[in-house]
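Residues per chain are reported as follows:
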Amino acid sequence: MNLANKITLARIALIPLFMICFLNMQSVMIALIIFAVAAGTDKLDGYVVRKYNQITNLGKLLDPLADKLLR
């Protein structure tokens, strides 16, 4: 498993944490921070894939899935 796929899996792992914080109205700021970190990992993932040519079939599946789950 390459670095880009690990970053994508980290983004997927942040989604339940984001949802828990977002649904708990006292933790909306924390949810906003988690969302910003997850969005940053999306940009970082794309950069790593292009720079190091780490295109994989797993990444082709996971990256759009992570994008849809986060939105």
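None of these values were measured; they are calculated from a predicted model.

## Observations regarding the environment of Leu62
Stage number 1. Tracing the backbone shows Leu62 in helix H3 (residues 57-70).
Stage number 2. Put simply, Leu62 and Gln26 are 36 residues apart on the chain and 31 Å apart in space, counted from C-alpha to C-alpha.
Stage number 3. What Leu62 contacts, discounting residues up to four positions off in sequence, is Thr8, Leu9 and Ile12.

## With respect to the packing of helix H2 (residues 28-52) against H3
Stage number 1. Interhelical geometry of H2 versus H3 gives an angle of 160° and a closest axis separation of 12 Å. Regarding the angle of H2 to H3, the classification is roughly antiparallel. Crossing angle aside, the handedness with which H2 passes H3 is left-handed. Residues Phe35, Ala38, Ala39, Asp42 and Asp45 of H2 lie in contact with H3, whose contacting residues are Asp63, Asp67 and Leu70.
Stage number 2. A breakdown of the residues in the contact of H2 with H3 according to their chemical character gives 4 nonpolar, no polar and 4 charged.

Analysis parameters
Residues numbered from 1 in each chain as written. Predicted model: local features only at pLDDT ≥ 70, side-chain atom pairs only at ≥ 80, totals over all residues. Heavy atoms only, no water. Helix = DSSP H or I, 4+ residues; strand = E, 2+ residues; numbered from the N terminus. Contact = heavy atoms within 4.5 Å. Axes fitted to C-alpha atoms, helices over the stretch in contact; angles between N-to-C directions. Parallel < 35°, antiparallel > 145°, perpendicular 65-115°, else oblique. Left-handed = near helix turned anticlockwise from the far one by under 90°. Nonpolar A, V, L, I, M, F, W, Y, C, P; charged D, E, K, R; others polar.

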